[in-house]
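A closer look at the structure
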Amino acid sequence: MKTKTKELILESAWCKGCGICVAFCPKNALELVGEKARLKTPNECILCGQCEMRCPDYAIYLKEVSL
């Protein structure tokens, strides 16, 4: 039986640097660098999906992966 989990995917080519995902991250795991969002502290991300729900450009999302 395979275990499923989620992974945060950031499509930097789609990111317009609005900062909405950074503002709504409850763990402060995201940051803006060079007008693009990036995962600042990967081990702090709790995969809650707040960033995904608010990104107007669909540049950040949670992908289901099998372990």
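Here, the structure is the one placed above.
If you're wondering where the values come from, they're calculated on a predicted model, not measured in any experiment. (Residues numbered from 1 in each chain as written. Predicted model: local features only at pLDDT ≥ 70, side-chain atom pairs only at ≥ 80, totals over all residues. Heavy atoms only, no water.)

1. Here's the deal with the overall build of the protein chain
What counts here: Segments assigned H or I by DSSP are reported as helices when at least four residues long, segments assigned E as strands when at least two residues long, and all are numbered from the N terminus. Based on C-alpha atoms, the radius of gyration is set beside the globule rule, defined as 2.2 Å times the residue count to the power 0.38. Burial classification: accessible surface area is computed with a 1.4 Å probe over protein chains only, and a residue below 20% of its type maximum counts as buried, one above 50% as exposed, and the rest as partly exposed. Residue contacts are defined here by distance: any two heavy atoms, one from each residue, within 4.5 Å place the two residues in contact. We score Asp and Glu as negative and Lys and Arg as positive, and we do not count His or the chain ends. Working definition for charges: the position is that of NZ of Lys, CZ of Arg, CG of Asp or CD of Glu.
A tally of regular secondary structure across the protein chain gives two helices and four strands. When the elements of the protein chain are put in sequence order from the N terminus, they spell out β-α-β-β-α-β. A compact globule built from 67 residues should have a C-alpha radius of gyration of about 11 Å, and the protein chain, at 12 Å, falls within 12% of that. Across its three principal axes, the protein chain shows a C-alpha extent of roughly 40 × 20 × 20 Å. Going through the 67 residues of the protein chain one by one, you find that 25% of them count as buried. Pairs at least 24 apart in sequence give 57% of the contacts found in the protein chain among residues at least 6 apart. If you average the places of the 10 positive and of the 8 negative side-chain charges in the protein chain, the two averages end up 3 Å apart.

2. Digging into the packing of aromatic side chains
The condition that has to hold: Note on aromatic pairs: the rings of Phe, Tyr and Trp (six-membered ring only in Trp) are paired at centre separations within 6.5 Å, and the planes decide the class, stacked below 30 degrees, edge-to-face beyond 60, tilted for the rest. For a Lys NZ or an Arg CZ to count as sitting over a ring, it must be within 6 Å of the ring centre and within 35 degrees of the ring normal.
With the rule as written, the count across this model stands at zero aromatic pairs. Over the aromatic face of Phe24 sits the side chain of Arg54, whose NZ or CZ is 4.0 Å from the ring centroid.

3. Some thoughts on the nonpolar core
The test is simple: As used in this record, nonpolar core signifies buried Ala, Val, Leu, Ile, Met, Phe, Trp, Tyr and Cys residues forming a set joined through side-chain atoms within 4.5 Å.
Counting residues in hydrophobic clusters, the biggest one holds 12 residues: Leu8, Cys15, Cys21, Cys25, Ala29, Leu30, Ala37, Cys51, Cys55, Ala59, Ile60 and Leu62. Apart from residues no more than four positions distant in its own chain, Leu30 is found in contact with Leu8, Leu10, Cys21, Val22, Cys25, Arg38, Leu39, Lys40, Cys51 and Ile60.

4. A closer look at the state of the cysteines
Disulfide: a covalent bond formed between the sulfur atoms of two cysteine residues. The cut-off we apply is this: The term disulfide is used for any two cysteine sulfur atoms that are within 2.5 Å.
With the rule as written, the count across this model stands at zero disulfides. Free of any disulfide, Cys15 has its nearest cysteine sulfur in Cys21, 6.1 Å distant. Of all cysteine sulfurs, the one in Cys25 lies closest to Cys48, which takes part in no disulfide; the gap is 6.2 Å. The partly exposed category is assigned to Cys48, whose relative accessible area is 38%.

5. As for the pairing of strand 3 (residues 36–39)
Just so we agree on the cut-off: Paired strands are those between which DSSP finds at least two bridges.
For strand 2 (residues 30–33) and strand 3, the ladder comprises four bridges, and the chain directions are antiparallel. Bridge assignment links Leu32 to a residue of strand 3, and that residue is Ala37. Two successive antiparallel strands, strand 2 and strand 3, enclose a turn made up of two residues, where Gly34 displays a positive phi of approximately 60 degrees.

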